[in-house]
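Okay, here's what each chain looks like letter by letter:
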Amino acid sequence: MSAPLALITFLAIASAAAKPNAGLRTWSRFGKLPYPGDKAFLYDTFPEGFMWAVGTAAYQVEGAFEKDGKGLSIWDTFRRGGNRMATGDVGSDSYHNVYKDVRAIAQLGVSHYRFSLSWSRIFPNGTRGSYNEVGTNYYRNLLRRLKEIRVQPVVTLYHWDLPDHLQQTLGGWSNPEIVGIFKDYADFCFQTFGDDVKYWITIDNPFVVARHGYGTGVVAPGIKNDPDLPFRVGHNLIKAHAAAWHLYDRHYRPRQGGRLSMALASHWIKPSRTRLESLRECQCSLDHVLGWFARPLFTDGDYPPCMKARLGSRLPSFTPEERAQVRGTADFFALSHGAALSFQLINDSLKFGQQEELDLRMLLYWVSAEYDKPPIFVVQSGWYVLGNTKTEDPKHMFYLKRFIAGALKSIIIDGVNVIGYTAWSLIDGFEWHREYGIRRGLYYVDFNAPDMKREPKTSATFYRNVIQKNGFPELPENKPAQGSFPCDFAWGVSANSIQVETTPSQFADPSVYLWNISNNGELMRLEGFSAPPVRRAAHCADYVTIRQQVDEIRQVGVNHFHFSLNWSAVVPTGDVAHPNTTLLGYYRCFTRQLLRANVTPVVTLWHHTRLRSSLPAPLDAANKWFNSETPKAFAEYARLCYRELGAHVKMWITLNEPNDEMVSLALHMDWVEPAFSFSREDVEPAKRVLDFRVGWFAEPVFGSGDYPLGMRSWLRQLNSLDLPVFNEKARQLVKGTYDFFAISHFTTKVVTHAMEDAYTYNAMLEFQEMIDTTWMLSPRPVVPWGLRKALNWVREHYRDVPIYVMANGVQEDPSRFKDSLRVYYLYNYINEALKAHTLDGVNLKGYFAYALSDQRDPGFGLYGHIQEEAIIKASLSNYRNIIKHNGFPIQGAAAQQCPSVTQPRPTVPQPCPGCHVLAKKPVVGFLTLVGSGVLITLGLIVYYTAKRRKEYY
């Protein structure tokens, strides 16, 4: 364990002494953890003996609702009332498929299986006098089969399915008599099954039973006419649990040695404001859901003060004897978290103006702090997918990953005593008030098939792998690399544009001033006077903005600077015969001053943004790049720039980052990761997306001289589309028209072939884009290893081509001058670039951080700005330090010896050095590729438009 991690763990443990409302410190503690390092994924393993479990609930999966003497439960009756259509009469038919469930459990490799007993299957009318031997044997058989595969049972006595007879004759949980009846039922279960059971749960999620069964009416028995009834029901649930615990403790624990608790579920909530009042409201919100039942069991046998103060006489009270009976009646904290009604609160009444959030780690810490560090067994955790989802459920998989990762951090970093985790659920089943509209199983069940076959989903494979590894052990590729880049490595910084000053500043104002006349250090203009015109011509040194910008670039420590020209400003009319000579002069001065500062200029001819095309107005108004004249005009514009600036610029980018719209030799290349890397169904669309987003433009130039084979074959499948064909002459013309491979990379995206959201699903390429919920967002995912994979993709496809990362950066609040996220981002992305170079053999020639300043690229800058003053951010200093050491040298090793390199003095521009090249292969090949890109884009638009219209009608 690293030193910072150990320190955080020590502080967490040392500060965990339980006090009244001790959980209140949770929000402030997590607000002070190292950012963004604490948000990073933790590679580590769970403690030895950690319990890995999976679970189900009887009514959801068993079916056979009237078979072999089973009595009706309140859910059997509830689902037949009103306009409800679906029932759990069959569910997943586990009653007839025990062997299939057990086989699935064995495949997962879990150590524990949580299931519930159907009270009305054992006692059809709820009491011992109606005992049903056949129903009891069903559970004996299940326990025997679990023992055969060495899986420990975790048995729930009551999971929401009260025998309907007790509801009809007594009023169910609203009647205090139910306490003794439940105790007798528990007694039978302990006596009958207890020799094989070491973990018991008396009642699952009493909040849902009380509030939604007897309050909102959302779940069985569906009562909603008495606002105080839920609190009386909750009172009886607590006393029933306590009665069962004491019974077990006195009569069964000495021989059976088991542990017993009540499963409590909760949301998590964050303050809408930072004021203490908001934190107290958050605390009170948790008290009304989780504390309602947890405080009596784990603290003092009474309800939370917040509940008592707000509810007054509506809340029943415990006598001193009852408090003593209730207090301490839990051997561990059984915590449920996920897509249950206690997390997704039905209305805002229990949020008290705060915001609900999905955070298992903070909830675990709160429980540990609030209830004096009990051992916590997460007995239900997971999410859901839509009901039409089959075996590909990456959304469920990523939520499982998020929750498990949160539990791991809770143990390793926060010092919370988490002893087990239960993924929910084993198989698809009847999902309570949501019926079959969602699925929560790790195994897919076809409810229409006679055999109810169980098929593992991607989430099941993921969970099995986590169990086998006991978490997420650190692999060599997860560890930071040490080493240096080559001596000639290009360290750069990029900007979309530079600040242009078309007139030297000291000649722009003809006014006459007096200075410091009042000893205030200020200038005072003399009205009515003007200075005579300056006779000499302006020099490059006269441009204040150039001096400022070059000085800012030098302070970064880079040896290259990448910026874009403004085509629409250089050639406003689109006719190169009438350029903006003043602007060209400024660009010429800027590049010359960069060279004087030993910084190599890297210049992009055209850079579009989503807000503006940067095309000259006549071309912008005439269909932009769909106009066949635009590529020709671009070639003429390129000749002009090469002629005017070529003496100072030796690295050119033709077009920057427009490969989502148009051809580019500096390709935007965010990595595309399959949601499930072991699934061909997800690997194929990931490859397809890269073919269409990168290979489309890279393969003709850097590869075969033709479009990617995968792209051609996919478009042929659409029947109505095909790519233009390069003849041999055109192929040879386009192929090899490059000097280096330039990419811009910012983030990584996940794709799957399974449709999750019809609105964001890409129907043409048949993929769904999503994110791994464990990734930190900024707002785009921060995934450093994605850069390494992108670089390796280029190496694997185009051999030893020289590669430059022309832009890599992260968006962060411009007001954060201590920009810790950007510090983290640059360190880790550059480290992944080093791995690609030193470990994978990628011919990486340079790295450019994006961007220089917030002034030109808001939110991405190494410099911040307050009015006109440039502020050096923390990320700039850190980036400069990496450049100074040329990477991440091994500590204690001899310093890298690199010869000092001095840039040559700028020369006088020649008429047009190299312009003859433009008339030959590169420009013609470039125009050929541009023309093909236009045709393909037009074809895709026509195809997609027609397809969408057809789908619409």
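What you see is a predicted model; the values in this text were computed from it and never measured.

*Asks:* Help me understand the overall build of the chain, please; the structure alone is not making it clear to me.
*Replies:* Counting secondary structure elements, the chain contains 31 helices and 35 strands. The proportion of buried residues among the 953 residues of the chain is 57%. Taking the intrachain contacts of the chain between residues at least 6 apart in sequence as the baseline, contacts between residues at least 24 apart amount to 77%.

*Asks:* Help me understand the sheet that holds strand S28 (residues 768-770), please; the structure alone is not making it clear to me.
*Replies:* Whenever strands of a sheet pair, they do so through backbone hydrogen bonds, lying parallel or antiparallel. Reading across the sheet, the three strands line up as S25-S27-S28 and stay open at both edges, with mixed pairing between neighbours. The sheet terminates laterally at strand S25 (671-674) and S28, the two strands that pair on one side only. Sheet twist, expressed as the average angle between the axes of neighbouring strands with direction ignored, equals 40°. In this structure, S25 lies alongside strand S27 (residues 748-752), joined through four bridges in parallel fashion.

*Asks:* Whenever I open this one, empty space enclosed by the protein confuses me. Can you help?
*Replies:* A water-sized probe rolled over the atoms picks out the places where empty space is left. Enumeration over the complete set of coordinates arrives at six cavities of 30 Å³ or more. Here the largest cavity is characterised by a volume of approximately 170 Å³. Around the largest cavity, the lining is made up of 16 residues, and of these Trp160, Ala339, Ala340, Trp432 and Arg440 lie nearest the centre. Of the pockets and cavities examined, the second largest cavity occupies roughly 100 Å³. Considering the residues around the second largest cavity, the lining is formed by 14 residues, among which Thr56, Ser94, Tyr113, Tyr138 and Leu142 are closest to the centre. Contributing elements (two or more residues each) for the lining of the second largest cavity: helix H3 (58-61), helix H5 (98-108), strand S3 (112-116) and helix H7 (133-148). Here the lining of the second largest cavity is built from residues that sort into nine nonpolar, three polar and two charged.

*Asks:* I keep staring at the environment of Leu142 and nothing clicks. Help me out?
*Replies:* Within the element layout of this structure, Leu142 appears in helix H7. With a relative accessible area of 6%, Leu142 lands in the buried category. Taking the C-alpha atoms as reference points, Leu142 and Asp101, 41 residues apart in sequence, are found 9.4 Å from one another.

*Asks:* What's the story with the packing of aromatic side chains in this structure? I'm lost.
*Replies:* What characterises a pair of aromatic rings is the spacing of the ring centres plus the angle enclosed by the ring planes. Tallied over the full model, the rule gives 81 aromatic pairs. Seen from their ring centres, Phe115 and Tyr139 are 6.5 Å apart, and the 5° between their planes marks the pair as stacked. Within this pair, whereas Phe115 is found in strand S3, its partner Tyr139 is found in helix H7, the two being separated by 24 residues in sequence. The class for Phe115 is buried, based on a relative accessible area of 3%. Each ring, one from Phe231 and one from Trp292, has its centre 5.5 Å from the other, and the planes form 50°; the classification is tilted. Of the two residues, Phe231 sits in helix H11 (residues 229-251) while Trp292 sits in helix H13 (residues 276-300), which places them 61 residues apart along the sequence. In this structure Phe231 comes out as buried when scored by relative accessible area, which is 8%. By relative accessible area, which is 2% here, Trp292 ends up buried.

*Asks:* It is not clear to me how the state of the cysteines should be interpreted in this structure. Could you clarify?
*Replies:* Any covalent bond linking the sulfur atoms of two cysteines counts as a disulfide. Counted by the stated rule, this structure contains three disulfides. Residue Cys284 pairs covalently with Cys306 via a disulfide, S to S 1.4 Å. Between Cys284 and Cys306, the S-S dihedral sits near -45°, and the bridge is therefore left-handed. Placement of Cys284 in helix H13 and of Cys306 in helix H14 (residues 305-311) is noted, with a sequence separation of 22 residues between them.

*Asks:* Can you walk me through the side chain of Thr774 in this structure?
*Replies:* Looking at the secondary structure, you find Thr774 in the loop between S28 and strand S29 (776-777). Relative accessible area serves as the criterion here: at 14%, Thr774 is assigned to the buried category. A polar side-chain atom of Thr774 sits 2.7 Å from a polar atom in the side chain of Asp772. Excluding anything up to four places from it in sequence, Thr774 contacts Lys39, Phe41, Lys401, Arg402 and Ala405.

*Asks:* Just checking my understanding: could you explain the sheet that holds strand S12 (residues 418-424) for this structure?
*Replies:* In space, the eight strands of this closed barrel follow the order S2-S3-S4-S5-S6-S8-S10-S12, with parallel pairing throughout. In this sheet, neighbouring strand axes are inclined to one another by 25° on average, regardless of whether the strands run parallel or antiparallel. Where S3 lies against strand S4 (residues 152-158), five bridges are found, and the strand directions are parallel. By the bridge assignment, Phe115 is partnered in S4 with Val155. Along the sheet, helix H9 (residues 178-193) makes contact with S4, strand S5 (199-204) and strand S6 (259-265), crossing S4 at roughly 160°.

*Asks:* Would you explain the nonpolar core in this entry?
*Replies:* In summary, soluble globular proteins display a tendency toward joint burial of nonpolar side chains. Trp173, Tyr421, Phe561, Phe741 and Tyr879 are the most contacted members of the largest nonpolar core, which totals 271 residues. Counting residues per element, this core draws most heavily on H11, which supplies 12 residues. Formed by 11 residues, the second largest nonpolar core is a distinct cluster that contains Ala53, Ala263, Phe377 and Val379.

*Asks:* Quick question: what am I supposed to make of unusual backbone geometry here?
*Replies:* Most of the time, phi is negative for any residue but glycine, and the peptide bond is trans. Here Trp424 and Ser425 are connected by a cis peptide whose omega angle stands at 0°. The omega torsion across Tyr850 and Ala851 is 15°, close enough to zero to call that bond cis. Within the element layout of this structure, Ala851 appears in the loop between strand S32 (844-850) and strand S33 (863-866). Non-glycine residue Asp93 carries a positive phi angle of around 55°. Turning to its location among the elements, Asp93 is positioned in the loop between helix H4 (74-78) and H5. Residue classification places Asp93 among the buried positions, given a relative accessible area of 14%.

*Asks:* Sorry, what's going on with the confidence of the model for the chain here?
*Replies:* It should be kept in mind that the predicted coordinates are not to be read in detail where pLDDT is low. Mean pLDDT over the chain stands at 88; residues scoring 70 or higher make up 86%. Predicted confidence for residues 1-18 stays below pLDDT 50, and this span has 25 contacts to residues more than four positions away or in other chains. In this model, residues 658-664 is a region of pLDDT below 50 whose contacts with residues beyond four sequence positions or in other chains number 28 contacts.

*Asks:* Is there a simple way to think about helix H23 (residues 629-645) in this case?
*Replies:* For an α-helix, 3.6 residues make a turn, and residues three or four places apart therefore share a direction. Taking 1.5 Å as the rise per residue, H23 with 17 residues should run 24 Å; its terminal C-alpha atoms sit 24 Å apart, in good agreement. Turning to H23, its buried residues are Thr630, Pro631, Ala633, Phe634, Ala635, Tyr637, Ala638, Leu640, Cys641, Tyr642 and Leu645.

*Asks:* I'm lost on the pattern of salt bridges in this one. Help?
*Replies:* It is possible for side chains bearing opposite charge to pair when their charged atoms get close. One pass over the full model with this rule turns up 44 salt bridges. A salt bridge links Asp184 to Arg128, with the nearest nitrogen and oxygen atoms 3.1 Å apart. With Asp184 in helix H9 and Arg128 in the loop between helix H6 (119-122) and H7, this residue pair connects regions lying 56 residues apart in the sequence. Relative accessible area serves as the criterion here: at 29%, Asp184 is assigned to the partly exposed category. For Arg128, a relative accessible area of 32% gives the class partly exposed. Among the charged side chains, a network of salt bridges with common partners joins Arg29, Asp38, Arg361 and Asp414.

*Asks:* I'm lost on the pairing of S6 in this one. Help?
*Replies:* On a regular strand, each side chain points to the face opposite its neighbour's, so the side chains alternate between the two faces of the sheet. With respect to burial, S6 is a largely interior element, six of its seven residues being buried. Looking at chain direction, S5 and S6 are connected through four bridges and run parallel. From the neighbouring strand, Asp204 faces S6, where its bridge partner is Ala263.

*Asks:* When you look at the environment of Gly846 in this model, what are you seeing that I'm missing?
*Replies:* For Gly846, the position within the fold is in strand S32. A relative accessible area of 0% means that Gly846 is categorised as buried. Once the C-alpha coordinates of Gly846 and Phe485 are considered, the two residues, 361 residues apart in sequence, prove to be 9.2 Å apart. The residues contacting Gly846, other than those within four sequence positions of it, are Phe489, Ala490, Ile803, Tyr804 and Val805.

Calculation notes
- Residues numbered from 1 in each chain as written.
- Predicted model: local features only at pLDDT ≥ 70, side-chain atom pairs only at ≥ 80, totals over all residues.
- Heavy atoms only, no water.
- Helix = DSSP H or I, 4+ residues; strand = E, 2+ residues; numbered from the N terminus.
- Buried < 20%, exposed > 50% of the residue type's maximum accessible area, 1.4 Å probe, protein only.
- Contact = heavy atoms within 4.5 Å.
- Pairing = 2+ DSSP bridges.
- Axes fitted to C-alpha atoms, helices over the stretch in contact; angles between N-to-C directions.
- 1 Å grid on protein atoms, 1.4 Å probe; cavity = no way out; pocket = protein on both sides within 12 Å on 5 of 7 lines; lining within 4 Å.
- Points joined across faces, edges and corners; volume = space filled by probe spheres on them.
- Nonpolar A, V, L, I, M, F, W, Y, C, P; charged D, E, K, R; others polar.
- Phe/Tyr/Trp six-rings, centres within 6.5 Å; stacked < 30°, edge-to-face > 60°.
- Disulfide = S-S within 2.5 Å.
- Polar contact = N/O pair within 3.5 Å; in protein donor to acceptor, adjacent residues only side chain to side chain.
- Core = buried A, V, L, I, M, F, W, Y, C linked by side-chain atoms within 4.5 Å.
- pLDDT = per-residue confidence, 0-100.
- Expected span 1.5 Å × (residues − 1).
- Salt bridge = Lys/Arg side-chain N within 4 Å of Asp/Glu carboxyl O.

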